[in-house]
Amino acid sequence: MNPNEGSYPLLLMKSYWFLDREGGTCHALPHDQRILAERIKQLEGDKTAETPDWEYAVKCGFVKNRGEYLDLLHATALFLAADRIDEESKVDHPELILMVKMLDEIDTVINLLSERSVEWYRALNPEFSRKSEIPRGRKLRDLMRDGSDEALGEILDEIEQLTRRRSTLSMKVSAKAAEFLPNCSALAGGLVAARLAAEAGGIRALALMPGSAIQVLGARNALFCHLSTASPPPKHGLVYQYRGVHGSRKERRGKVARVLAAKLAIAAKIDYYRGESDPVFIEKAQETILNAGRSP
Amino acid sequence: MIWIGDQLVSEGPGGVYGERMIQGYRLWNPRRSKLAALYNLGKGIDLESHHRVLYLGAANGTTVSHVADYVEVVYAVEPAPRPMQDLIVVARQRKNIIPIMADARRPERYIPLVEKVDIIYQDVAQPDQAEILSVNSRFLVSDGFMVFMLKPRSIDVTRTPAHVAEEVINELSTRGIRTEECVWLSPYYPDHAALICKIS
């Protein structure tokens with residue numbers, strides 16, 4: 001080793017989260033959580049990192065005793081963990097997933113309440129039959145509002161409110177998905193992209209998935225039924241909600257779903273690792289997906 | 001271990017997860033913690049005040065808080081951000097919990113923080129749980145114990161739990177880990193086993 005290089009070769013240096021040891025001397029780091037946390041981040045990728053030795057920390061004068069060592073480690077670990085959670089939420093955007101889950105929950109609630117209201121209304125107006133032409137949605141609610149009692153009317157108002165909340169939330173989800181999952185959203189639409197991320201368990205988890213897994217995301221029961229019995233494999237899960245899948249002829253759906261899922265797998269990787277829209281990719285992918293839907 | 005009548009308790013500040021208090025002690029419910037279930041079956045390694053523990057799969061810190069009441073220090077590893085938020089709250093109150101947000105499959109990430117420990121406790125419910133235990137055994141002192149909560153259903157749902165457990169024990173032994181005892185946690189946790197292991 002050339003001593004003129006000015007610094008000791010790395011191999012002779014031992015680094016701990018609290019100090020550096022070079023030959024016989026040691027340099028303790030300041031008792032500052034920020035600095036110590038930075039140091040730990042540097043060390044954690046390092047395969048040569050050493051198991052910490054608290055006695056050495058005392059010998060070197062970093063701390064007075066084991067109690068102080070543990071206190072400092074505790075404070076630094078807390079700081080680091082909080083920092084990690086922050087970082088995670090910056091790349092994984094958990095709010096998008098929570099929003100789309102909320103949206104689906106509101107849908108379920110609206111449907112349940114509507115069903116119950118119809119039952120209630122029928123009890124009050126026996127001539128009202130399911131067999132007759134029943135309007136749907138808002139028209140149904142308007143119809144029921146006359147000739148029902150006050151309590152039911154209030155609940156119908158409540159459903160009305162929820163429906164409005166649902167549509168604003170749905171727009172917000174689409175906007176957020178376009179921001180955080182720009183390529184997936186461009187291919188499958190914001191809602192489907194967000195639902196896929198939710199089902200996968202996060203944007204990162206979605207990016208790590210192969211296309212074949214994305215194709216059957218949301219078809220868990222069918223998939224496990226296929227794995228344990230002789231039933232046919234599911235052709236599509238959540239991707240069914242994409243217009244090109246449910247809109248195409250039955251015998252082409254499987255193909256569209258497969259091609260779409262393969263392109264979504266690439267799109268998710270671009271979204272997670274690059275974080276920006278790639279117009280060239282999107283255009284080519286859309287064309288491939290369209291072609292998959294056409295008859296041969 | 002501290003028992004009041006036939007109920008397992010630990011000594012420390014209460015109100016971590018709404019646990020009941022008995023005579024100033026925190027009730028450690030065997031239906032909410034697999035480790036408590038193990039002690040209630042008369043098995044397990046007694047925790048002592050000088051013990052250092054590596055806890056893999058700390059989750060929300062329910063069991064961790066009880067372990068911390070008994071031992072000197074707990075290194076609590078948990079990869080997911082949401083349970084980690086709860087664990088941080090528990091760790092603020094208990095200074096001997098060192099929270100570490102990392103994946104237990106990659107111990108090189110927390111080597112700089114974790115010293116040699118007397119007990120490794122693992123409860124992760126992952127298909128590769130045996131391998132996770134094996135890569136973490138480097139942290140154990142040579143005569144230390146590993147308490148391994150095995151969930152055969154997470155490894156393979158299609159085979160019987162006893163069969164899977166037998167395979168895991170074999171796999172561990174090829175990785176240099178000897179299973180001293182296999183305790184099934186029924187009636188508290190059906191189809192869960194606790195393996196008490198040592199480095200062979």
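Residues numbered from 1 in each chain as written. Chains lettered and ligands numbered in written order. Predicted model: local features only at pLDDT ≥ 70, side-chain atom pairs only at ≥ 80, totals over all residues. Heavy atoms only, no water.

Hey, could you run me through a nonpolar patch on the surface in this one?
Residue and element names in this part refer to chain A. A cluster of nonpolar side chains, Trp120, Leu124 and Ile155, forms an exposed patch at the surface whose accessible area comes to about 230 Å². Locating Trp120 in the fold gives a position in helix 4 (residues 94-124). Residue Trp120 is classed as partly exposed on the basis of its relative accessible area of 32%. (Patch = residues over 30% accessible without salt bridge, like charges linked within 9 Å, V, L, I, M, F, W, Y side chains within 5 Å. Areas by Shrake-Rupley, 256 points an atom, 1.4 Å probe, with all protein chains shown as cover. Salt bridge = Lys/Arg side-chain N within 4 Å of Asp/Glu carboxyl O. Helix = DSSP H or I, 4+ residues; strand = E, 2+ residues; numbered from the N terminus. Buried < 20%, exposed > 50% of the residue type's maximum accessible area, 1.4 Å probe, protein only.)

In this structure, what is going on with the pairing of strand 9 (residues 140-150) of chain B? I would like to understand it.
Strand residues, when the strand is regular, have side chains that alternate between the two faces of the sheet. All names here are of chain B. When strand 8 (residues 117-122) meets strand 9, the two strands line up parallel, connected through 5 bridges. By the bridge assignment for strand 9, Gln122 is matched with Phe148. A crossover connection joins strand 8 to the parallel strand 9 through helix 4 (residues 129-136); in handedness this β-α-β unit is right-handed. (Pairing = 2+ DSSP bridges. Right-handed = clockwise from strand over helix to strand, strands pointing away.)

Would you mind showing me how to read the pattern of salt bridges here?
Opposite charge on two side chains permits pairing when their charged atoms draw close. Per the stated rule, a full pass over the model turns up 28 salt bridges over all chains. Taking the shortest distance from any N to any O, the salt bridge between A:Arg166 and A:Asp107 comes out at 2.4 Å. Taken together, the positions of A:Arg166 in helix 6 (residues 150-180) and A:Asp107 in helix 4 put the pair 59 residues apart, joining distant regions of the chain. On the basis of relative accessible area, A:Asp107 is assigned to the partly exposed category, the value being 21%. Its salt-bridge partner being B:Arg26, residue B:Glu19 comes within 2.6 Å of it at the nearest N-O pair. Accessibility expressed as a relative area gives 10% for B:Glu19, which makes it buried. What makes B:Arg26 buried here is its relative accessible area of 0%. Taken together, the shared-partner salt bridges in this structure form one network comprising A:Glu38, A:Lys41, A:Asp83 and A:Glu87.

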